[in-house]
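Structure assessment
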Amino acid sequence: MAMEALNMKVLTLSSRPLKHLLRFAASPRPTRPNLFLVRSSSSSSSSSPTSPPSSAAGAAAASGRGRRSPSASSSTSDREAVRAIRLKKVEELREKGLEPYAYKWDRTHSANQLQDIYKHLANGEELDGEKDQVSIAGRITARRAFGKLAFLTLRDDSGTIQLYCEKERLLYDQFERLKTLVDIGDIVGANGTIKRTEKGELSVCVNSFAILTKSLLPLPDKYHGLTDVDKRYRQRYVDMIANPEVADIFRKRAKIVSEIRNTVESAGFVEVETPVLQGAAGGAEARPFVTYHNSLGRDLYLRIATELHLKRMLVGGFEKVYEIGRIFRNEGISTRHNPEFTTIEMYEAYSDYQSMMNMAEEIITRCALAVQNKLKIDYQGSEINLERPWRRETMHNLVKEATKIDFSDFGDDLEMAKRVTLTTLGDGLDSKDKLAIGSCPSIGHLVNEIFEVVVEPKLLQPTFVLDYPIEISPLAKPHRRHAGLTERFELFICGRELANAFSELTDPMDQRGRLEEQVRQHNEKRAASLLKGAATEEKKEEDDESYEVTLDDDFLTALEYGMPPASGMGLGIDRLVMLLTDSASIRDVIAFPVLKIQQ
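**Quick word on the overall build of the protein chain**
Assigned secondary structure in the protein chain consists of 19 helices and 19 strands. Here the protein chain holds 599 residues, and the buried ones make up 48% of them. Put simply, 69% of the contacts in the protein chain that link residues at least 6 apart link residues at least 24 apart. About 29500 Å² of surface is accessible on the protein chain, with carbon and sulfur atoms providing 51% of the total.

Here it is, written out as structure tokens:
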């Protein structure tokens, strides 16, 4: 962007010494060739050949002589100068009877199709038969000019191809129009024949062209690209233009979602849709987004899980159901968390959590093969082996292995368990972890806290962590052999949870008791939080306990009609895409992530 305005300034100030370099025999105006040369830069633009530079551009040129202005203000003024110049070009196109924002363009090929069809064409060879007449469209991303010859790089959804533009081939004033009115960033359509240049570049020899969309704002400099991370997320459309590999991530994401769907439907699962707006936010423990329905006169919640409505489908007679959908949680933002994210949740009647482990392996390995064609992949410098079978170990054994503490020795003595934990691990814990351990209300919560702090970050290779404490698993069936535990697993890869699954709890009275206890514990924490009236506003915003939790009575009613034995699993699609595209942040795999308000 800065280069575009700078080149314009230089030519405005010094066109006379360059005149002998810029002579074009057919040009009716001496300024046009000068302006065309500007467009050989990475983000070129020029003033209209029939209009003087705008006052903004002239002021920029004058102030730019011999010194640099501050980068931020310079960047803004350059951008506005370029925009003003391009708006003049829009006017000129319309004056010539040409619409700069077309309705359609009939294409015969994509860039990649032409590259494939003519891959055996020899250097210097040109084909002009009837079947070699092609029509193509896309965005101009680069351009160079040499006298009566110009080269433009056109990029479409499939790839790039060169436009080979000779003055003799173009009728009337089309070559002059191309020089003066087409800028980098414009979307154009071109008709012509196929040629491979002497240097080996497959090209469309342009016989005619049209500007389909006139770009008003300059693209980032091609040598530096769009490197401001925050701007990349805010203006993802520019990010995808400047960094084609970004668009490839979202193509892979689409392929992953498609492969997930194919995998579960080949196993007999039926896709269903459940409400996003719910009367009670259930199926997980998370702060919901609250909205208000004017006609109904009531608060509604954006769903924090699809679980409870999918289980209602099992009650209604479906035996294998799934939903791929958006989930909304009014919680923190980090490289692993976005307030809205995508999951697949699936439920299978007459099965237990062992079958969901097999399904998790099947889904992820098939997705890996679909996008990477291999099962040993690299993620952020580490090799991950997705070959089956994956490790399966209980949470209790993993914690014992990492800490040398056997929590089964403590029985129900919570205080003793906390003292031993703090004594054994104290030096490796920060103050926040120590506070969390001290506030654990049960042995089960304590084991889970230590697992999250000590074990979870080290689970690099795929690992199913089995048999979670009953206190933190209110929707899972009690373990059939071990009291105090549930038949639940979570899948971890690269220290991150990818999936969570249960043998589902079907006893309506047990389910009611657990959910009521969960609500009671939450409300106690909420009441304690509200009593701290002296807390700062910042503290209140960060307090995850200040929201209200209600019981989903209708779900409990559904269970009383009878739900068959079943297993269920939720798998995070965003984190799976991160893994399979080697993306460090969840914001890299969500096209338009939630961001803080720009100051």
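**A word on the pattern of salt bridges**
Here the structure, examined in full by the defined rule, presents 43 salt bridges. Across the pair Arg-177 and Asp-173 runs a salt bridge whose closest N-O atoms are separated by 2.9 Å. A relative accessible area of 30% means that Asp-173 is categorised as partly exposed.

**Observations concerning the packing of aromatic side chains**
Under the defined criterion, the tally for this structure stands at seven aromatic pairs. The cationic tip of Arg-488 hangs over the ring face of Tyr-468; the distance from NZ or CZ to the ring centre is 4.4 Å.

**What to know about unusual backbone geometry**
Note the cis peptide between Arg-388 and Pro-389, where omega equals 0 degrees. Within the secondary structure, Pro-389 sits in the loop between β14 (382-385) and β15 (391-394). The phi angle at Asn-373 is positive, at roughly 60 degrees, despite the residue not being glycine. Along the polypeptide, Asn-373 turns up in the loop between α11 (353-372) and β13 (376-379). Asn-373 sits in the exposed class, given a relative accessible area of 66%.

**Examining the confidence of the model for the protein chain**
A low pLDDT score tells you not to read the predicted coordinates there in detail. On average, residues of the protein chain carry a pLDDT of 86, and 84% of them reach 70 or more. Contacts from residues 1-70, a stretch scored under 50 in pLDDT, to residues over four places away or in other chains number 113 contacts.

**Description of the sheet that holds strand β9 (residues 290-293)**
Spatially, β8-β10-β9 is the arrangement adopted by the three strands of the open sheet, whose pairing is antiparallel. Whereas interior strands pair on both sides, the edge strands pair on one side only; in this sheet they are β8 (277-278) and β9. In the sheet, β9 pairs with strand β10 (residues 298-302) via four bridges, with the strands oriented antiparallel. By the bridge assignment, Val-290 is partnered in β10 with Tyr-301.

**Brief notes about empty space enclosed by the protein**
Across all of its chains, the model carries four cavities of 30 Å³ or more by this definition. Of the pockets and cavities examined, the largest cavity occupies roughly 50 Å³. Elements represented by at least two residues in the lining of the largest cavity include exactly β18 (496-503) and α19 (573-581). The biggest single contributor to the lining of the largest cavity is α19, with three residues. Considered class by class, the residues forming the lining of the largest cavity number six nonpolar, no polar and two charged. Considering only enclosed or pocket space, the second largest cavity measures out at about 40 Å³ in volume. As for the second largest cavity, its lining consists of Leu-152, Leu-163, Cys-165, Leu-178, Val-182, Val-188, Val-206 and Phe-209. Looking at the lining of the second largest cavity, the elements that each hand over two or more residues are β4 (160-166) and β6 (202-213). Residues that form the lining of the second largest cavity fall into these classes: eight nonpolar, no polar and no charged.

Scoring rules and cut-offs
- One numbering rule holds for all chains: residues counted from 1, following each sequence as written.
- Local features in this predicted model are restricted to residues of pLDDT 70 or higher, and side-chain atom pairs are both shown and tallied only at a pLDDT of 80 or more, whereas totals for entire chains, interfaces and linings draw on every residue.
- Heavy atoms throughout the structure, all of them, feed into the side-chain values; hydrogens and water do not.
- Helix and strand definitions follow DSSP, with helices as H or I runs of at least four residues and strands as E runs of at least two, each counted in order from the N terminus.
- Partly exposed describes any residue whose relative accessible area lies between the buried limit of under 20% and the exposed limit of over 50%, with all areas from a 1.4 Å probe on protein chains only and scaled to the type maximum.
- What makes two residues a contact is simply this: any of their non-hydrogen atoms within 4.5 Å.
- Working definition of accessibility: Shrake-Rupley area with a 1.4 Å probe, residue cover restricted to the visible protein chains.
- For this document, the term salt bridge refers to a Lys or Arg side-chain nitrogen within 4 Å of an Asp or Glu carboxyl oxygen.
- For this analysis, a ring pair means two rings from Phe, Tyr or Trp (six-membered ring only for Trp) whose centres lie within 6.5 Å, classed as stacked if their planes differ by under 30 degrees, edge-to-face if by over 60, and tilted for the remaining angles.
- A positively charged side chain is recorded as over a ring if its NZ (Lys) or CZ (Arg) lies within 6 Å of the ring centre. The angle to the ring normal must also be within 35 degrees.
- Confidence of the predictor in every single residue is expressed as pLDDT, which spans 0 to 100.
- Following DSSP output, two strands are said to pair if at least two bridges run between them.
- Computed over the protein atoms alone on a 1 Å grid, cavities are sets of points where a 1.4 Å probe fits but cannot get out and pockets are open sets with protein on both sides within 12 Å along at least five of seven lines; a residue lines them when it has an atom within 4 Å of a point.
- Grid points are joined across faces, edges and corners, and a volume is the space filled by probe spheres set on the points.
- Under this grouping Gly is polar, as are all residues other than the nonpolar Ala, Val, Leu, Ile, Met, Phe, Trp, Tyr, Cys and Pro and the charged Asp, Glu, Lys and Arg.

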